[in-house]
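Okay, here's what each chain looks like letter by letter:
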Amino acid sequence: MRHDAPGAPEMSGTRTEDIARLSDVVLMPNYRRAPVAFARGEGVRLFDLEGRSYLDFVGGIAVSALGHAHPRLTAAIQAQAARLLHVSNLYLIPEQVRLARWLTTRSGLDRAFFCNSGAEANEAAFKLARRYAHARGEGRWEILVASGAFHGRTLATLAATPVAKYQEGFAPLPVGFRTVPFNDAGALADAVTDQTCAIMLEPVQGEGGVHPATPEYLAEARRLADTHGLLLMFDEVQTGIGRTGTLFAFQGYGVTPDILTLAKGLGGGVPIGAMLARAEVAEAFQPGTHGSTFGGNPLACAAALAVVETVEQDDLAGRAEAMGSRLVDGLRDVGRRIGVITEVRGKGLLVAAELDREAAPIVEACRGRGLLVNAVQPRTLRFAPPLIVSHEEVREALALLEEVLAEVVGQVVEGGAR
Ligand SMILES: Cc1ncc(COP(=O)(O)O)c(C=O)c1O
């Protein structure tokens, strides 16, 4: 049936309800979307089709590192689009080489491979780990992953994401992943066998509910990798590019991986993923072993270069640290005054508030007052605003949240966090 056939919903206008109605018909129902559509953004603010303003503390799920319509990112994209969008990896791409140079010099790793998303970056990491073992003539292939991890939605990254709600109905999943309890160094050591080729960890589990790894855990993972000749791989798709207060979260731990994956904030909203590795490991990817048509194209790399240079020049990692600690302190104060919030945790501007009740109605009520947050777990609110967020905007977000929570518990806020 054609959707413009008589009787089918029409997107007769550009109003939110028209779009929502047609969205329900033409899009797959795999997302639970809020009934709001945004027309434009500016800094930490989004404006919906009806002109209402929102403080964006979702940040496109930890993507919009520079906020919306950042002049430098916009200019870089416009200039590159006017010059050259795409050529393929059959040819040299200067922007890709410059971005690889930037990322390798800052991370201490040696080589970069570019793709288009976090899942693809992790797929590349899994393939490189297996290929490296293969190149060394070792019969190892198993990768240890942590309980509560989230590595993506492709079949292999799903197999590495040991969470029933994501895996259900997709069996059989690729083999080669073994789950160990997160933050349990002893269990990690016990799980290493002759078949283990790598350990994959998030320094801070994002989708799992913003749970930081302990320093001892990551140090033990490094020690085990060195002792047994395994590759230590960090998935920094969510934590990378300044979000946790250092350029890469591993730098805050002082534990360097052999393989690092990035996406989300790297492009500031332009899709790009990256996998970095030590030179000796990267050698396992000889011509023809792996590839991507779009990966690292001129447009994505020009955008990512603008993002990373801005993050560095404006010390947005330092800002994430400072604003994150204000946000954490403020959330704790709100919890003390109102209740509802039982725990606050996080690193930099990746912060969670654990609630004593379902988070979904709170998310909705916040949106109604002009604050965007999301529920990363049923009772967990996540805050991942752009790294450019100001003290004033943090205060404003806290005040809006306090109003919502006060209403939920039937209190009157006097002054509150404002
Ligand atoms: C740590 C981590 N790894 C991988 C992914 C998957 O990234 P993408 O959705 O870009 O495939 C995510 C997405 O939330 C993530 O948080």
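Our subject is the structure listed above.
In what follows, the accompanying structure is described. (Residues numbered from 1 in each chain as written. Predicted model: local features only at pLDDT ≥ 70, side-chain atom pairs only at ≥ 80, totals over all residues. Heavy atoms only, no water.)

1. Some points on the sheet that holds strand β5 (residues 142-146)
What the seven strands build is an open sheet, ordered β4-β12-β11-β10-β7-β5-β6; its pairing is mixed. Of all the strands in the sheet, the pair left with one neighbour each is β4 (111-115) and β6 (177-180). Taking each pair of neighbouring strands and ignoring which way they run, the sheet shows an average axis angle of 20°. Alignment of β5 against β6, held across four bridges, turns out to be parallel. Following the sheet pairing, Ile 143 is matched in β6 by Phe 177. Its contacts with the sheet put helix α9 (residues 215-228) on β5, β6, β7 (196-201) and β10 (231-235), and the angle it makes with β7 is roughly 160°. (Pairing = 2+ DSSP bridges. Helix = DSSP H or I, 4+ residues; strand = E, 2+ residues; numbered from the N terminus. Axes fitted to C-alpha atoms, helices over the stretch in contact; angles between N-to-C directions. Contact = heavy atoms within 4.5 Å.)

2. Observations concerning the packing of helix α3 (residues 71-83) against helix α12 (residues 298-313)
Packing of α3 against α12 brings their axes to within 9 Å, and their N-to-C directions diverge by 155°. Judged by the inter-axis angle, α3 sits roughly antiparallel to α12. α3 and α12 meet at a crossing whose hand is right-handed. Between α3, through Arg 72, Leu 73, Ala 76, Ile 77, Gln 80 and Ala 81, and α12, the contact on the second element is made entirely by Pro 298, Leu 299, Ala 302, Ala 303, Ala 306, Val 307, Glu 309, Thr 310 and Gln 313. For the contact of α3 with α12, a count of residues per class yields 10 nonpolar, three polar and two charged. (Parallel < 35°, antiparallel > 145°, perpendicular 65-115°, else oblique. Left-handed = near helix turned anticlockwise from the far one by under 90°. Nonpolar A, V, L, I, M, F, W, Y, C, P; charged D, E, K, R; others polar.)

3. Here we look at the site of the ligand
Near the ligand you find 13 residues, and of these Gly 118, Ala 119, Asp 235, Gln 238 and Lys 264 are the closest. Here an oxygen atom of the ligand sits 2.8 Å away from a polar atom, N or O, in the main chain of Gly 118. For the ligand, a nitrogen atom lies 2.7 Å from a polar atom in the side chain of Asp 235. When isolated, the ligand has an accessible area of 390 Å², and the protein chains bury 81% of it. Per-element accounting of the shell around the ligand gives the leading share, three residues, to helix α5 (residues 118-135). (Near = heavy atom within 4 Å. Polar contact = N/O pair within 3.5 Å; in protein donor to acceptor, adjacent residues only side chain to side chain. Areas by Shrake-Rupley, 256 points an atom, 1.4 Å probe, with all protein chains shown as cover.)

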